[in-house]
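Coordinate analysis (summary)
Now for the letters of each chain:
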Amino acid sequence: MNRQYDVIVVGGGHAGCEAALAAARMGCETLLFNITLDSMAVMPCNPAIGGLAKSQIVKEVDALGGEMGRIADKTAVHFRRLNASKGPAVQATRFQCDKQLYRLAMKAVLEKIPRLHLRQGLVEQLVVENGRVTGVIDQPGVFYGARAVVLTTGTFLGGLVHIGDVRYRAGRAGELAAWELSDQLKALGFETGRLKTGTPPRLRASSIDFSRTTRQDSDPDPEPFSFRSEKLRDDRLPSFFAATTTETHRLIHDNILRSPLYSGAITGVSARYCPSLEDKVMHFVGKGSHPVVLEHEGIETEEIYAKGLGNSLPPEFQEQIVHSVPGLEEAEIMRLAYAIEYDFVQPTQLKLTLETKIIAGLYLAGQINGTSGYEEAAGQGFWAGVNAALAVQKRPPFLLERSEAYLAVMVDELVTRGVDEPFRMFPSRAEYRLLLREDNATIRLSEKGHALGLITDDERRDIQKKMAQISGGISRLSAARIFPVEGTQKILTEIGTPPIKNPATLFQLLKREGVSYDNLSPLPGWEAIPDAFVKKEIEIEAKYEGYIQRQQEAISKRKGFDGVRIPADMDYAAIPGLSNELQAKLARVAPETIGQAGRIPGITDAAITALLIAIKKRENEK
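Every value quoted in this text rests on a predicted model; they were computed, and no experiment measured them. (Residues numbered from 1 in each chain as written. Predicted model: local features only at pLDDT ≥ 70, side-chain atom pairs only at ≥ 80, totals over all residues. Heavy atoms only, no water.)

**Some details on the overall build of the chain**
- Scanning the chain for helices and strands turns up 20 helices and 22 strands.
- Computed over the C-alpha atoms, the radius of gyration of the chain is 26 Å, within 12% of the 25 Å expected from 2.2 N^0.38 for a compact globule of 622 residues.
- By residue count, 56% of the 622 residues in the chain fall in the buried class.
- Carbon and sulfur atoms make up 51% of the accessible area of the chain, which totals about 26,100 Å².
- If you average the places of the 76 positive and of the 78 negative side-chain charges in the chain, the two averages end up 4 Å apart. (Helix = DSSP H or I, 4+ residues; strand = E, 2+ residues; numbered from the N terminus. Rg over C-alpha atoms; globule rule 2.2 N^0.38 Å. Buried < 20%, exposed > 50% of the residue type's maximum accessible area, 1.4 Å probe, protein only. Areas by Shrake-Rupley, 256 points an atom, 1.4 Å probe, with all protein chains shown as cover. Lys, Arg positive; Asp, Glu negative; His and termini not counted. Charge placed at Lys NZ, Arg CZ, Asp CG, Glu CD.)

Spelled out as structure tokens, the structure:
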């Protein structure tokens, strides 16, 4: 059997789904492999999409033509606005989804896309000829040819599940792991490592005494993730808050050596920002309790996700730990908590397109690159799928600057810095986060999505209309002048803002804290705007104008270095003034621009100067 495709995607998690959809929608014959078609886009851990920095990624993928935001809108059952009282740069949306509805909705989309073929099976081998991937071979030995391959293996690459003293090979509990593929990547010369993650127990809702917990309902009137979604589901499910006790902590202290994290059985590196319950109890000895959040996994299921109780202790201790939490005294465990360690490929071995430097045509996305989180995976999958399709079509690659998207920050951080623990996006990683807000993702990126063929002409016209309304609204407010006369001062007092001493524009008034667009309605020059999104953008532009301008000026200064290309065959050992350590770092990352070189840890200003001199010398010699 010999079947030929443009792009093959291995793994149907959040990265694989976005990669396959992007490639197929861009016109490539695409094959998506998953070990079982029933687990595509499954949420093996938290039932939520979004969160700090993560919602920006979801919105950016949506603005470019990806799918995660739309599926979240269709399947969400709990809605929260995070940091609502803070500035727009750090505000975020978090949707709790029905897990089964989410995977089924994504599977339905995948099955209907022209040129996208789905295949259930375990890929065990890449076929590589003359330094280029030419296809894959599955477990039964069937060869599938491809011009590009995207690996999105999640936790399946060398996956090993731990529950107490028991460990077994699995990509997730009850699913096969991909060990042969992991061995081949190492044999091909890739630098790999081991990481560890885990998941908490699932409890039966009817066995929980929710009266002993604190209930949290959804925020009213939530906004969709996707600019293409007209409405959200009417179903709403609450969440509940509880906490561990001194008895919980005693149980863990007394039995800590039964945890594979502390017995030495687990060698993979855990994430500091998402520790297991064992780590929290052992590292924060003086803390009397830790939060436990109980979240429904869906409308038609009894399963409750017990966030905060993730551990890898034996079953008998897991039950005691659960029962030590108020409200969970009689709780029934439906699925045990467990830890899983898996292989990843050090992402400094990737180009900015997420194509590997060792094997041409091979792209990596998601947890194989050392990241964690559904959103980070989806963003990388989209990025890799688009670039694989563009390479097949012999078109220029899709790249964004750090000043344009959280997606670009994430990719640049991975490729330039590498990882030594599971990577997660945070707002603090984005130096231009005031410009990269979740609210303006559509404005920032939809034009690029249209250029890729992933945003339709009608969608583009709708967005351009909104942009024109924003620009027009700012112009009208900037032209509308008011004067310190009695009538104006009375209106300002009624609004709750101080009177003016000199003539001012409505745009200047809108800069004031507590003044909204509609507050200005009694003043001359104001015009009603029915679109809430347009009003919100006008308000943000007014209130943060100075900060936005300073960030734009900083971007202009930095663009000089990001625009200076470093020749791919640059011999760093031949550059005077570079230490052996810096030569090794530069050779390992092989930065594409001076800007990227400057972001490699340990690279000095003197090293950048030496690089610039070397580039100039090469240009003069031509």
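Don't stop here, the text continues.
**Notes on the environment of Ala-384**
- Among the secondary structure elements, Ala-384 is positioned in helix H10 (residues 374-392).
- Ignoring anything within four residues of it in the chain, the contact list for Ala-384 reads Val-150, Thr-353, Leu-354, Tyr-363, Leu-364 and Ala-365. (Contact = heavy atoms within 4.5 Å.)

**Considering the domain arrangement of the chain**
- Each assigned domain of the chain is listed here: domain 1 (4-154 + 192-197 + 341-451), domain 2 (202-339), domain 3 (456-549) and domain 4 (564-621).
- Between the C-alpha centres of domain 2 and domain 3 the distance comes to 45 Å. (Domains from an automatic or database assignment.)

**Looking at the nonpolar core**
- Counting 105 residues, the largest nonpolar core has Ile-8, Ile-49, Tyr-102, Val-149 and Leu-151 as its most contacted members.
- Ranked by residues supplied to this core, first place goes to H10 with 11 residues.
- By size, the runner-up hydrophobic cluster in this structure holds 23 residues, among which are Ala-205, Leu-277, Leu-309 and Ile-333. (Core = buried A, V, L, I, M, F, W, Y, C linked by side-chain atoms within 4.5 Å.)

**Quick word on the pairing of strand E2 (residues 30-34)**
- Along E2, five of the five residues are buried, which leaves the element largely enclosed by surrounding structure.
- A two-sided burial pattern is seen for E2, the buried positions comprising Thr-30, Leu-32 and Asn-34 on one face and Leu-31 and Phe-33 on the other.

**Re the sheet that holds strand E15 (residues 239-243)**
- As summarised here, the arrangement of the six strands in space is E14-E15-E16-E17-E13-E18, forming an open sheet in which the pairing is antiparallel. Edge positions in the sheet fall to strand E14 (214-216) and strand E18 (333-335), since each has one partner strand and no second. Adjacent strand axes in the sheet meet at a mean angle of 35°, parallel and antiparallel pairs treated alike.
- Inspection of the sheet shows strand E13 (residues 202-204) paired to strand E17 (residues 303-307) by three bridges, in the antiparallel sense. (Pairing = 2+ DSSP bridges. Axes fitted to C-alpha atoms, helices over the stretch in contact; angles between N-to-C directions.)

**Description of the pattern of salt bridges**
- On inspection of all chains with the given rule, the structure shows 48 salt bridges.
- With a closest N to O distance of 2.5 Å, Asp-412 and Arg-599 form a salt bridge. With Asp-412 in helix H11 (residues 406-417) and Arg-599 in the loop between helix H19 (594-598) and helix H20 (605-621), the pair connects residues that are 187 residues apart, well separated along the chain. Both residues of the pair, Asp-412 and Arg-599, count as buried.
- With its nearest N and O atoms 3.4 Å apart, the salt bridge here joins Arg-476 to Glu-527. Of this pair, Arg-476 sits in helix H13 (residues 457-479) while Glu-527 sits in the loop between helix H15 (506-510) and helix H16 (532-543); the two residues are 51 residues apart in sequence, bridging distant segments of the chain.
- Residue Arg-476 is classed as partly exposed on the basis of its relative accessible area, which comes to 30%.
- The exposure class assigned to Glu-527 is partly exposed, which follows from its relative accessible area of 41%. (Salt bridge = Lys/Arg side-chain N within 4 Å of Asp/Glu carboxyl O.)

**Considerations on the packing of aromatic side chains**
- Taken as a whole and assessed by the stated rule, the structure comprises eight aromatic pairs.
- Here the aromatic rings of Phe-95 and Phe-225 are separated by 4.6 Å at their centres, their planes lie at 55°, and the arrangement is tilted. Here Phe-95, found in strand E5 (residues 92-97), pairs with Phe-225, found in the loop between E14 and E15; they are 130 residues apart in sequence, far enough to count as distant.
- Judged by its relative accessible area of 1%, Phe-95 is buried.
- Each member of the aromatic cluster is reached from another via a ring pair, and the members are Phe-79, Phe-95 and Phe-225.
- One Lys or Arg, Arg-169, reaches over the ring of Trp-179 and ends 3.8 Å from the middle of that ring. (Phe/Tyr/Trp six-rings, centres within 6.5 Å; stacked < 30°, edge-to-face > 60°. Lys NZ or Arg CZ within 6 Å of the ring centre and 35° of its normal.)

**Some remarks on the sheet that holds strand E3 (residues 48-50)**
- Within the open sheet, the three strands sit side by side as E3-E5-E4. Their pairing is antiparallel. Of all the strands in the sheet, just E3 and strand E4 (76-82) have a single pairing partner and so form its edges. Across the sheet, the mean angle from the axis of one strand to that of its neighbour is 20°, orientation sign disregarded.
- Pairing geometry for E3 and E5, over three bridges, is antiparallel. Its bridge partner being in E5, Ala-48 is matched across the sheet by Gln-96.
- On the sheet, helix H3 (residues 68-75) packs against E3, E4 and E5 and is oriented at approximately 115° with respect to E4.

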